[in-house]
Amino acid sequence: MISTPSARPPSVRSIGTDYGDPISALLRPPPGESDNDRQLRLHREAEAKRISDSIDEELKAEEKRFRKRKEDVKLLLLGQAESGKSTLQKQFQLIYNPTSLEEERLSWRPVVYYNIVRPVRRIFEVIDTYGELEEDDDAMAIDTIDISSGRNSQESDVRTSSSSEKRLSTLRYRLAPLISVEAALSERLSGGQSTPTKGNLFVRSGWQARSILGKKRKDRTSFNGQRSSVDNLPPRRSEDSTAVINEKDKLIEEVAGILNACKDDIKELWTHATVQRLRDKRRLRLEEWAEYFLDNITRVSSSGYIPDTDDILHARIQTMGVAEHIFEVSLHGRTVTWHLYDVGGARGQRHTWVPYFDDATAIIFMAPVSAFDQYLEEDPRTNRIDDSLQLFTQICSNKLLKDTHLVLFLNKTDILRSKLARGTQVRKYITSYGERPNEYEAVIGYFRAHFTQVHKRNNENMRVLYTHLTNVVDQTATRRIITDIRDSIFRVYLKDAALV
Ligand SMILES: Nc1nc2c(ncn2[C@@H]2O[C@H](COP(=O)(O)OP(=O)(O)OP(=O)(O)O)[C@@H](O)[C@H]2O)c(=O)[nH]1
Ligand SMILES: [Mg+2]
């Protein structure tokens, strides 16, 4: 039998008559409504509509942001701690958002100071451990030379040695005020959020905002321990109050004053025969940034010092979690938003990378090839090159990343060159290197072949690996490489966009 409208249940009657419409029934004024009740009801309805409209607007905006984000380029910087990720991020910032780097220039001053204070303390620690031993070694050597020249100088050597020791004691005494500010500087930079691990200072993204006191950052940078929208910048901390700001400024000025007063002593310590001998014998092994700032101590500790761009590129501060930096990148009249994710590379930080894998457009994997004679701070039994190869294997074989554009930076080639020039033997640390020549071309070729091999063995999708030999503190060379990368990522991006 064919149903007729009259046979339909009342609840599905056609719109137009509100008899069967449950919503109309709900909105119908109650029978016998007073004027006052009517006003209240209309007000309630208007308020409900306003809230509903604003939710609709927010949903639309969120959908738009989501669609836009899908069209953006997402570039991950991966690699072990100290591989150069944040330094490369600064190079991107220099090219695509130079004003933001300008704005935060002063905030690098305490980092530079911290990068000086720590190594000064470290030098005294190494003197305490090995100083006398090395003096004895050397006294022996001087004896031999003097005996061969027919002069018995044992007595004068003892005198030299003790006067040198006395001088080091004096320097230790004079530099004590400088060493004593390390904890306050560390507290200042970390905003009291983290404690240094083995003397290393971890900071979360956005630390500059705590340093550019009273200034609001204009670039869009956020910390993402968990993935979240960039528009959800963490609220400014209450510690940014004027009183705290003044107190903090005072600390930096105080450190600057101490440093200025100590600069000749630091220079004397750094060039002291005992310290240089400990360095040559590899008892004292300072990180590259420490050597850079100690070499530049007179300039860096002068009054009115403002870090130059090379200082900023050399300044070391360890990343915690994942920091997102956003740039507008243009090519051939088309501008695309790039999200650059700079991750913390220490083992304890690596779990924070994974949420960024599934929609990554490209990865730059950074492997510091100069680290063949170094071991992980978090696991002193693991050689750093070995760790880089293991990590690269995990990245190449990760299913979520199988279609991601892959770029490899064999970084710190400048340091590799100088280590080899000083005679550091690769085979002593990488036994498989065997009898190959201890020269730059042979060493870099050997490391490159290993990374290429890892990629080949884990390359189901036949993706290309773009490899660059880099020194990311070099502005000119890095700018050229970033331009190359921009072009290749744009090609991938346009190809993907055409497929959508
Ligand atoms: N000479 C030289 N120094 C470099 C190079 N790349 C990085 N550095 C320095 O190495 C130090 C560590 O670099 P970062 O960029 O902080 O390392 P990272 O990978 O971000 O480290 P985490 O944040 O701990 O994961 C910094 O002081 C840099 O200036 C390079 O190619 N040559
Ligand atoms: Mg970093």
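Computed from a predicted structure; not experimentally measured. (Residues numbered from 1 in each chain as written. Chains lettered and ligands numbered in written order. Predicted model: local features only at pLDDT ≥ 70, side-chain atom pairs only at ≥ 80, totals over all residues. Heavy atoms only, no water.)

Focus: the UniProt feature "binding site: Mg(2+)" (unreviewed entry) in the protein
Phase 1: Mapped onto the present numbering, the UniProt feature "binding site: Mg(2+)" (unreviewed entry) falls on Thr319.
Phase 2: In this structure, Thr319 sits in strand S4 (residues 318-320).
Phase 3: There is a polar contact of 2.9 Å between the side chain of Thr319 and the side chain of Ser86. (UniProt positions renumbered as here; feature names shortened; annotations may be inferred. Helix = DSSP H or I, 4+ residues; strand = E, 2+ residues; numbered from the N terminus. Polar contact = N/O pair within 3.5 Å; in protein donor to acceptor, adjacent residues only side chain to side chain.)

Remarks on the coordination of the magnesium ion (ligand 2)
Phase 1: Protein coordination at the magnesium ion (ligand 2) comes from Ser86 (OG) and Thr319 (OG1), with a distance range of 2.0 to 2.1 Å. Pair noted here: Ser86 is in helix H3 (residues 85-96) and Thr319 is in strand S4, with a separation of 233 residues, a long-range link. (Donors = N, O, S within 2.8 Å, 3.2 Å for Na, K, Ca; no water.)

Notes on the site of ligand 1
Phase 1: In the vicinity of ligand 1, 25 residues are found, and the nearest of them are Lys85, Thr87, Leu313, Gly345 and Asp414.
Phase 2: Within the contact set of ligand 1, an oxygen atom lies 2.9 Å away from a side-chain nitrogen or oxygen of Ser86.
Phase 3: Residue Asn471 places a side-chain N or O atom 3.2 Å away from a nitrogen atom belonging to ligand 1.
Phase 4: In the complex, 98% of the free accessible area of ligand 1, which totals 650 Å², lies under the protein chains.
Phase 5: Of all the elements in the fold, those that place two or more residues in the shell around ligand 1 are H3, helix H11 (288-295), helix H13 (309-314), S4 and helix H15 (413-421).
Phase 6: Counting only domains with at least three residues in the shell around ligand 1, you end up with domain 1 (74-104 + 321-495) and domain 2 (107-227 + 239-314). (Near = heavy atom within 4 Å. Areas by Shrake-Rupley, 256 points an atom, 1.4 Å probe, with all protein chains shown as cover. Domains from an automatic or database assignment.)

With respect to the UniProt feature "binding site: GTP" (unreviewed entry) in the protein
Phase 1: The residues that UniProt annotates with the feature "binding site: GTP" (unreviewed entry) are Leu313, His314, Ala315, Arg316, Ile317, Gln318, Thr319, Asn411, Lys412, Thr413 and Asp414.
Phase 2: Beyond its immediate stretch of four places on either side in the chain, Arg316 contacts Glu82, Val111, Asn115 and Trp289.
Phase 3: Counting through the fold element by element, Asn411 comes out in strand S8 (residues 405-411).
Phase 4: Once residues within four sequence positions are removed from consideration, Asn411 is found in contact with Ser83, Gly84, Met366, Ala367, Pro368, Val369, Ser370, Thr470, Asn471 and Val472. (Contact = heavy atoms within 4.5 Å.)

Some remarks on a nonpolar patch on the surface
Phase 1: On the surface, Ile51, Ile55 and Leu59 cluster together into a nonpolar patch covering about 280 Å² of accessible area.
Phase 2: With respect to the element layout, Leu59 can be found in helix H2 (residues 35-71). (Patch = residues over 30% accessible without salt bridge, like charges linked within 9 Å, V, L, I, M, F, W, Y side chains within 5 Å. Salt bridge = Lys/Arg side-chain N within 4 Å of Asp/Glu carboxyl O.)

Considering the packing of aromatic side chains
Phase 1: All told, the structure shown has 13 aromatic pairs when counted by the stated rule.
Phase 2: Here the aromatic rings of Phe365 and Phe392 are separated by 4.9 Å at their centres, their planes lie at 50°, and the arrangement is tilted. Pair noted here: Phe365 is in strand S7 (residues 362-368) and Phe392 is in helix H14 (residues 384-397), with a separation of 27 residues, a long-range link. We note that Phe365, like Phe392, is buried.
Phase 3: Relative to Tyr429, the ring of Phe372 has its centre 6.1 Å away and its plane inclined at 65°; by these criteria the two rings are edge-to-face. In this pair, Phe372 is assigned in the loop between S7 and H14 and Tyr429 in helix H16 (residues 426-429), connecting sequence segments 57 residues apart. Taken individually, Phe372 and Tyr429 each receive the classification buried, so the pair is uniform in this respect.
Phase 4: Within the aromatic cluster, the residues linked to one another by ring pairs are Phe92, Tyr96, Phe327, Trp338 and Phe490.
Phase 5: One cation-aromatic arrangement involves Arg316 over Trp289; the distance from NZ or CZ to the ring centre is 5.6 Å.
Phase 6: In this structure, Arg436 is placed above the aromatic ring of Tyr433, and the distance from its NZ or CZ to the ring centre is 5.8 Å. (Phe/Tyr/Trp six-rings, centres within 6.5 Å; stacked < 30°, edge-to-face > 60°. Buried < 20%, exposed > 50% of the residue type's maximum accessible area, 1.4 Å probe, protein only. Lys NZ or Arg CZ within 6 Å of the ring centre and 35° of its normal.)

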